[in-house]
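# Inside the fold
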Amino acid sequence: MAISDDDLAALRAAARVSTEAGDLEAYGGDWTRVYAPAPGAVAFPRSTEEVAALVTICHDREIAVVPSGGRTGLAGGAVAARGELVLTLDHMRRIDPVDVVGRTVRVDAGAVTEAVHEATAPHGLTWPVDFASKGSSHVGGNIATNAGGVKVIRYGLTRQWVLGLRVVTGTGAILDLGGALEKNNTGVDLRQLFIGSEGTLGIVCEATLKLARPAGHLDVLFFGLRDLASVLALFHAARRGPFEISAFEMLTDRCAARLERHRGVRPPLEAGCPMYALLEVEAPDREGLEAWLGELLEDDLVIDGTLAANHEQAARLWELREGISESLAATGLPHKNDIALPIAGLTAFCADLEALFARRYPDLEICLFGHIGDGNLHVNVMKPDAMDKAAFLARVHEADEAMFALVRSHRGSVSAEHGIGLLKRDWLGYTRSDGEIALMRQLKAVFDPKGILNPGKVF
Amino acid sequence: MKILVPVKRVADPDNANKMKVTADGSAVTSEGLAWKVNPFDEYAVEAALRLNEKGGSGDVLGETVVISLGDDEVIQTLRQPLAMGVDRAILVKASDGEIDSTVVAKALAAVVEKEQPDLVLMGKQAVDGDSNTAGQMLAEHLGWPMATFAMSIEVADDGKALVVGREVDTGVLTLKVTLPAVVTVDLRIVAPAAVKNGVTPDDHAYNEGARYASLKGIMKAKKKPVDQTSLSDLGVEASPLVEYTKYELPPARSGSATFVESVDELVEKLRTEAKVL
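### A short note on the packing of aromatic side chains
- Counted according to the given criterion, the structure contains 12 aromatic pairs over all chains.
- When the centroid spacing of 6.1 Å and the interplanar angle of 70° are considered together, the rings of Tyr-155 of chain A and Trp-161 of chain A count as edge-to-face.
- Put simply, the rings of Phe-404, Trp-427 and Tyr-430 of chain A touch in pairs and so form one group of aromatic residues.
- It is Arg-16 of chain A that lies over the ring of Phe-44 of chain A; its NZ or CZ is 4.3 Å from the centre.
- One residue, Arg-9 of chain B, lies across the ring of Trp-35 of chain B, its end atom 3.7 Å from the ring centre.

### With respect to the interface of chain A and chain B
- Between chain A and chain B, the residue contacts involve 28 residues of the former and 22 residues of the latter.
- Both faces combined, the contact of chain A with chain B buries some 2300 Å², and carbon together with sulfur accounts for 51% of it.
- Linking chain A with chain B are two salt bridges.
- Notably, a salt bridge pairs Lys-36 of chain B with Glu-312 of chain A, separated by 3.8 Å at the nearest N-O pair.
- Linking chain A to chain B there are six residue pairs in polar contact (both at pLDDT 80 or more).
- Sorting the residues of the side of chain A that touches chain B by element identifies α10 (286-298), β12 (304-307) and α11 (311-322) of chain A as the ones contributing at least two each.
- Tallying contributions element by element places α10 of chain A first for the side of chain A that touches chain B, with six residues.
- When grouped by side-chain class, the residues that make up the side of chain A that touches chain B number 10 nonpolar, seven polar and 11 charged.

### Description of the pattern of salt bridges
All names here are of chain A.
- Inspection of the entire model under this criterion finds 46 salt bridges over all chains.
- Asp-90 serves as the salt-bridge partner of Arg-93, at 3.1 Å between the closest nitrogen and oxygen.
- A salt bridge links Arg-432 to Glu-436; its shortest N-O distance comes to 3.0 Å.
- Overall, the relative accessible area of 33% leaves Arg-432 in the partly exposed class.

### Focus on the domain arrangement of chain A
All names here are of chain A.
- For chain A, the assigned domains are domain 1 (5-90), domain 2 (218-325) and domain 3 (332-418).
- Placing the centre of domain 2 and that of domain 3 at their C-alpha centroids yields a distance of 23 Å.
- Opposite the 17 residues of domain 2 that make contact, domain 3 presents 19 residues.
- Applying the counting rule to domain 2 against domain 3 returns one salt bridge.
- With its nearest N and O atoms 2.7 Å apart, the salt bridge here joins Glu-365 to Arg-258.
- Taken together, the connections running from domain 2 to domain 3 amount to eight residue pairs in polar contact (both at pLDDT 80 or more).

### Some thoughts on the sheet that holds strand β14 (residues 365-371) of chain A
Residue and element names in this part refer to chain A.
- The sheet built from seven strands is open, its strands ordered β12-β9-β11-β10-β14-β15-β13 with antiparallel pairing. On the outer flanks of this sheet lie β12 and β13 (334-340), each paired with one strand and no other. Across this sheet, the average inter-strand angle for adjacent strands is 15°, counted without regard to direction.
- Summarising the sheet, β13 and strand β15 (residues 376-382) pair through seven bridges and their orientation is antiparallel. Counterpart to His-335 in the pairing with β15 is Val-381.

### Observations concerning the packing of helix α13 (residues 346-360) of chain A against helix α14 (residues 389-409) of chain A
Residue and element names in this part refer to chain A.
- Two numbers describe how α13 lies on α14: the axes approach to 11 Å, and their chain directions differ by 150°. Put simply, α13 runs roughly antiparallel to α14. The two elements α13 and α14 cross, and the hand of that crossing is right-handed. When α13 is examined against α14, the residues Phe-349, Asp-352, Leu-353, Leu-356, Phe-357 and Arg-360 are found in contact with a partner set consisting of Arg-395, Glu-398, Ala-399, Ala-402, Met-403, Leu-406 and Val-407.
- A class-by-class count of the residues in the contact of α13 with α14 yields nine nonpolar, no polar and four charged.

### Considerations on empty space enclosed by the protein
Residue and element names in this part refer to chain A.
- Enumeration according to the criterion identifies one cavity of 30 Å³ or more in this entry.
- If you go around the largest cavity, the residues you meet are Pro-128, Val-129, Asp-130, Ala-147, Gly-148, Lys-151, Val-152, Gly-156, Leu-157 and Thr-158.
- Residue composition of the lining of the largest cavity, by class: five nonpolar, three polar and two charged.

### Points about the pairing of strand β11 (residues 171-178) of chain B
- Sheet topology places strand β10 (residues 161-168) of chain B next to β11 of chain B; eight bridges connect them, and they run antiparallel. Counted as the bridge partner of Leu-162 of chain B is Val-177 of chain B from β11 of chain B.

What counts and what doesn't
- Residues numbered from 1 in each chain as written.
- Chains lettered and ligands numbered in written order.
- Predicted model: local features only at pLDDT ≥ 70, side-chain atom pairs only at ≥ 80, totals over all residues.
- Heavy atoms only, no water.
- Phe/Tyr/Trp six-rings, centres within 6.5 Å; stacked < 30°, edge-to-face > 60°.
- Lys NZ or Arg CZ within 6 Å of the ring centre and 35° of its normal.
- Contact = heavy atoms within 4.5 Å.
- Buried area = accessible area lost by both parts, 1.4 Å probe.
- Salt bridge = Lys/Arg side-chain N within 4 Å of Asp/Glu carboxyl O.
- Polar contact = N/O pair within 3.5 Å; in protein donor to acceptor, adjacent residues only side chain to side chain.
- Helix = DSSP H or I, 4+ residues; strand = E, 2+ residues; numbered from the N terminus.
- Nonpolar A, V, L, I, M, F, W, Y, C, P; charged D, E, K, R; others polar.
- Buried < 20%, exposed > 50% of the residue type's maximum accessible area, 1.4 Å probe, protein only.
- Domains from an automatic or database assignment.
- Pairing = 2+ DSSP bridges.
- Axes fitted to C-alpha atoms, helices over the stretch in contact; angles between N-to-C directions.
- Parallel < 35°, antiparallel > 145°, perpendicular 65-115°, else oblique.
- Left-handed = near helix turned anticlockwise from the far one by under 90°.
- 1 Å grid on protein atoms, 1.4 Å probe; cavity = no way out; pocket = protein on both sides within 12 Å on 5 of 7 lines; lining within 4 Å.
- Points joined across faces, edges and corners; volume = space filled by probe spheres on them.

Next up, the structure:
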């Protein structure tokens, strides 16, 4: 399905299309960096109508299309490595005026997450989808991947904050799926199918977002703990605390060591601890929060801890969590996995995981961190300095299989929030049944009969 | 040694709510602001704690006291240095309209007479007014030696003097001041090896920056005394010399972004619209 000169001419009649090497390189990949970008061309539509015109041509001529947003994905969902047409929403960034009474805003798919936050903030509202890559990620990409992030524990996934969608399907048809309606019980909610479909059913072009009042003053606490069981005991205590939790994150001492090597930062506690947890809360009752902290100390639940005295300290504590991904990549080659487990089974799973690696892969270092409040673990396996890359990739592939078997036996998910994309395709069957996957394929055939949208991704 | 650290409460610039000015420009409104210890004063607290502790052992070599001027709400801000390890706090009750640097310096001098510290250690300036005057005026009132902009402090002569590295335009100027003295500190005083008290081992690993309050520290701080006094108790007249006539906010930033299709179009727009070529 290579793109011919004739195809290019037809596409160029519909929108701007580039075949410049710089564009192909930049728009053909995402943050996975495992796959070399090799798209055939990059299209820059400026409206939903232009997207529809482009996809209609691709449908007629059977040209594969890879939808592309902010390219911050970690599963290769936006990778074009086989001569596809990348369709970037980069030039569709319009953000309409905020509807302050309805608490909604309509935006183009290419609007950057942070730009939406900035546009809604003056009205005392926010779109509570928030993560480290908010300065690059697009609303469309967030929706297509049902993005998670650090505030899921309080606000839920992206899915909760999308009221309406305008999508282009694999035939080039434009679908209007709901608008600014909070309530719309009129049959099957097709909109939900597109949220999290990773560009395999249609291209999200516009969205009406549901907004919320931003949280009040947030207190950030950082704890040093003995082991994972204490982290979970702390989480249980926090659930009963006199405040609302907006984040509960965990990292191990190995992550902390990599942070120190790369960024020169370390947890502001008296001594190093095996585990660390970051808790962010909205606590209007300050006395109550301090009394709760007193109980933690009395119960000997934590070794040490601190409470940020101001925004700067809070930001530095967050850096200890949000800087990890970058520091792992800067100090070595991480192989990333993003799994979810039922919270009740986390301790048992982690003990099994530790035992598995100790027995079969003692040469591989695991850096574990994640959104523990959501049962979401980021398992990063680091390449030993002496091992060459190909040998490492072969070895972690083998380790993945063993780990995903563990995930399956603990009734977890092989991809909590990163999606499936290319990277986790081989493992989808460890979480979803053959019957489910067959139904997904049938659904795709309905919206994309020729299979031109993001082929080879997910299933 | 006994160290007195004056601290000022300032608006936290990272808070979502910013300083506003009333419509007629006659006053600054503080509604919805979050408060914190002036960063340079926080560095002074850290330096004082390093001078007065035997690093890591929990042993203390002398009393460290913080003092501030303001209303009752300031007590909340004083809890932070207390949680960091300061022994007690003094609040001189006063309203914003009653004080400027001169009044502050006089009030501090009166407290120094009472408390008899060996050292007054404070920030070089507050990040709100940026006056950089209170420390100097205080030294003058007391007739004490003074070293401003300290980026290193080393205890000398068996604790009777300090060797202070001062950050100046041309480099570092090293002064020896006999105690009691007034020292104001600059940013680099919280570098890991900036303070040497002759007791803490040289290889003790201090973190860069002011320490965070530990949970134990926060709990202890709730029980530490905050003595309250007032300008009149101290015999200081609330008559500021500085008069503020008008406030205005800096102009808002402007600008927008548009996409261009090609380099030619960009050059064209730079020439005709932006008029920068």
